[in-house]
Every structure is written in C-alpha cells, then in structure tokens.
Amino acid sequence: MADRCPGGLGAGSRRPGRAAAEDRQRCAKRRRGTAAPRGRGAVAALACLLAACSAVACESAPTSTPTPTPSQSPPLASLAALPRPPSAEIPAPTGAAHASNPLGLPAYPVKLDPGRRVFTFSDRMLAGARLGSTLVLYAATVVGFEGDDLIIEAKGGPSYKVHPGYVVPVPDVPRLRPHDPVLTEWNGVMKHAVITRFVKDKIEVRYTDMDPRTPLAQLKGVRFVVQTEGLVPGNFAAWKDGETWRHVLLVSRLGGPPADPGAVLTSLATSSARWFALGYGGAALIADESALRPIPIKPKPKIGASVWAEWVGTLRPAVVQSAEETGLYTVKFERAGRPVTVGWGLLTPPLGP
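Overview of the structure. What you are looking at is a predicted structure, and each value in this text was computed from that prediction instead of being measured.

**Description of the overall build of the chain**
- The helix and strand tally for the chain stands at 3 helices and 20 strands.
- Counting the 353 residues in the chain, one finds 39% classified as buried.
- Counted over contacts in the chain with a minimum sequence separation of 6, partners at least 24 positions apart contribute 54%.

**Observations regarding the pattern of salt bridges**
- Across all of its chains, the model carries 9 salt bridges by this definition.
- Across the pair glutamate 146 and lysine 161 runs a salt bridge whose closest N-O atoms are separated by 3.1 Å. With a gap of 15 residues between them, glutamate 146 in strand β2 (residues 138–146) and lysine 161 in strand β4 (residues 160–162) connect regions that are remote in the sequence.
- Among the residues examined, lysine 161 registers a relative accessible area of 35% and is labelled partly exposed.

**Re the environment of glutamate 153**
- Summarising the element assignment, glutamate 153 is placed in strand β3 (residues 149–153).
- Overall, the relative accessible area of 44% leaves glutamate 153 in the partly exposed class.
- Between the alpha carbons of glutamate 153 and serine 122 there is a distance of 10.0 Å; along the sequence they are 31 residues apart.
- Among all residues touching glutamate 153, those that are not within four sequence positions of it are Thr141, Val143 and Ser159.

**Considerations on the side chain of glutamate 185**
- Inspection of the secondary structure assignment puts glutamate 185 in strand β6 (residues 181–186).
- On the basis of relative accessibility, which here comes to 11%, the residue glutamate 185 falls in the buried class.
- Among the polar contacts made by the side chain of glutamate 185, one reaches the main-chain amide nitrogen of arginine 223 at a distance of 2.9 Å.
- Once you skip the residues sitting within four places of it in the chain, glutamate 185 turns out to touch Phe119, Ala139, Tyr207, Leu219, Val222 and Arg223.

**As for empty space enclosed by the protein**
- With the rule as written, the count across this model stands at 1 cavity of 30 Å³ or more.
- The volume enclosed by the largest cavity comes to roughly 80 Å³.
- Pro181, His192, Ala193, Thr208, Gln227, Asn235, Phe236, Ile295, Pro296, Ile297, Trp344 and Gly345 are the residues that line the largest cavity.
- When its residues are assigned to classes, the lining of the largest cavity shows 7 nonpolar, 5 polar and no charged.

**What about the layout of surface pockets?**
- As a volume, the second largest pocket reaches approximately 770 Å³.
- Those elements that provide at least two residues to the lining of the second largest pocket are β7 (189–199), β12 (244–254), β16 (306–311), β18 (328–333) and β19 (340–343).

**A look at the packing of aromatic side chains**
- The full count for this structure, using the stated rule, is 4 aromatic pairs.
- With a centroid separation of 6.3 Å and an interplanar angle of 85°, the aromatic rings of phenylalanine 121 and tyrosine 166 are classed as edge-to-face. Taken as a pair, phenylalanine 121 in the loop between β1 (117–120) and α3 (123–126) and tyrosine 166 in the loop between β4 and β5 (168–169) lie far apart in primary sequence, 45 residues in all.
- Looking at phenylalanine 121, the relative accessible area reads 0%, which means it is buried.
- Take tyrosine 166: its relative accessible area is 0%, and that puts it in the buried class.
- By way of ring pairs, the aromatic residues Phe121, Tyr166 and Phe276 are connected into one cluster.

**Topic: the pairing of strand β11 (residues 236–241)**
- Burial within β11 is extensive, with 5 of its 6 residues counted as buried.
- Note: β11 against β12, 6 bridges, orientation antiparallel. The partner of aspartate 241 across the bridge, within β12, is threonine 244.
- Where β11 folds back onto β12 in an antiparallel hairpin, the turn is made up of 2 residues, including glycine 242, whose phi is positive at roughly 70°.
- Here β11 pairs with strand β15 (residues 292–294) via 3 bridges, running antiparallel. If you follow alanine 238 over to β15, its bridge partner there is arginine 293.

Criteria and cut-off values
- Residues numbered from 1 in each chain as written.
- Predicted model: local features only at pLDDT ≥ 70, side-chain atom pairs only at ≥ 80, totals over all residues.
- Heavy atoms only, no water.
- Helix = DSSP H or I, 4+ residues; strand = E, 2+ residues; numbered from the N terminus.
- Buried < 20%, exposed > 50% of the residue type's maximum accessible area, 1.4 Å probe, protein only.
- Contact = heavy atoms within 4.5 Å.
- Salt bridge = Lys/Arg side-chain N within 4 Å of Asp/Glu carboxyl O.
- Polar contact = N/O pair within 3.5 Å; in protein donor to acceptor, adjacent residues only side chain to side chain.
- 1 Å grid on protein atoms, 1.4 Å probe; cavity = no way out; pocket = protein on both sides within 12 Å on 5 of 7 lines; lining within 4 Å.
- Points joined across faces, edges and corners; volume = space filled by probe spheres on them.
- Nonpolar A, V, L, I, M, F, W, Y, C, P; charged D, E, K, R; others polar.
- Phe/Tyr/Trp six-rings, centres within 6.5 Å; stacked < 30°, edge-to-face > 60°.
- Pairing = 2+ DSSP bridges.

Scope: geometric values only; no functional claims are made or implied.
As structure tokens, then:
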C-alpha cells in the first residue's frame, strides 16, 4: 500500500509546484523519525538474546556430558538378547598358562601315536585364548611330542604345540555303518553327521548340526569318530547355568577320578570333575560335571512328543511335529513362531529342574 502523509496526500494525489515539494520533505522527515527507534529497539533485543545465550552456555559447559550417538550406544533390546557369558560363575583352572595351554588346563592324560589324526584348535586361536574366546575345532595331525604337549602339523605354517586337553582324538580305522552318528569334517571343521550310505569308495553323510538345507555330502579320506552315548569328548551336552539349560560341546574332562576304559560317563552329583567345553558361538567355558546332562546321540522321539531343543545356545521346550529324514526333526517351540528343523544332538527329552 502507498504511504500516506497527513492532509490526505498519497501516491495518486496531485499538487503543483512548491507546495508539493514541501509536502514530500515533511513526509520524509516523519519516516526517518519513526524508523530510528524501531531499529534501535531491534538491535537492543538481539543483544539481550545473545547475552542470555552466552550466560547459559557458560553455566552449563563445566557439567555437561555428551550424549552418545546411536552408533555408540546399542539398543537395550539387542544387549538383552545376547546370552550371558556362561563362564562367569566357574573359576578358571589353576594350571600353568602358556602358548600351548592358554586356559591353564590341568594335566590331561592321552595316548596317541605320531601320525594320529585329531580335532584341535589352530595356533592362531590358541594365541591369547581365554574363557569366553571363540574356538573352533579343526582337523589336524599329530607329528610328535614335547613333554606332555602334542606337536600339531600346521597347514601352511610351522608346527605348534598343544596341551592334550585341547584335542579330540580320532581312531585310525573306525568301523562305520549306515545310520551311525559320527564326528566328521566340513571344509576341515569338525561337524556332527549321520552316515546315510556307502557309495563306492566314498561315504555319504547328512550333517546334523548345520543348516538343514545343506545337501548330502560324499566324503573320502576324511576323519570319522563314531559317537557313543554319555558325556564324551565331541558330544553335545546340557549344562545347567543358574536357571538356564545351555547347549554345549564337550572337549575334554578335567580332574576327578579316571574313568574306566569303555565306561559311559554320565553326570555324577558327587563328581569333582569339570569339563572344558564350547558354548554358543564357540565360547570357551569350564563346567562342573555335576551340572551336565548327556544329550542322546541318536534320539527317537515320536511325533507329538515333548522335547527340549537348542535355540541360540539354550535348550527350550518344544513339540515334535515330524521326522523328515534320518537325523532331522521338525519341532515347534512354545510361544514361538514357525516350526524349525533340528538334528541329532540338538534335542533331548525334557530336563528336570
């Protein structure tokens, strides 16, 4: 809208000569006189605002704590889902810890000849290993001895020493039959499987501790250990850790009275023995034998039977829905979604309190 001066003069008004010029001068003076106070007021208000902000910043700077960004602070839900370290309540062994025995396992008698094949851990995994470290059993060969240690032939590197407690021996010529549960290999890693048939000079197996969609494998020249029932190196077991039953892989028995040859070890309430075992994700742990229960190596649950099956390192109640093929079962967990397929060693009859 056009500016209007007193007297009703505007942009459309016409007034000739000197009178019009005087009117324009009077209007300009009035505009300058009213604009200055508004400018000074805005400047003053801005100055006050800046001063207040400076005062607040000065007062809060000494005591303020930076808030972590989302990448620095994982959500609580994901932390709660992680399993509690299973070795928290079990003290570490008191043996001498060194390169071949990083966990300080006690003396472990084992009789092996040079050239015997075993499952053990790589030198890189043993270097600096501790309770909770991730360990994976690989196929290897014993080439000699040094004191109580075994000398392991390394692939693509120098040989290294291993305490016998980190070794699962493999028989030279195992007697294998169809439907036997066995320890064998998958790309050099120890795995559990069931023998399905013999194909000329190869042995066909179905892996029972891998993705059920893994195809059958025909193996030649690999290691086989026929599993036997009980608490035995290489078997799975249930470990009661507080109020939770955890699924563990047994590696070696520590201490306690020596077992009779051929005896099937079960959980003994008065036993002083402990076990070196691997938990969820291969986490190294030590478990009291009295807290362990053997998991059947060849279960035969009926459809509709109640069982406990492995789920993310723990054993949870489930119901058998089908027995699809040798060594595999479909189960549905309580208060869970879709059914899942699990293999031998991953389910057991319900466990007591």
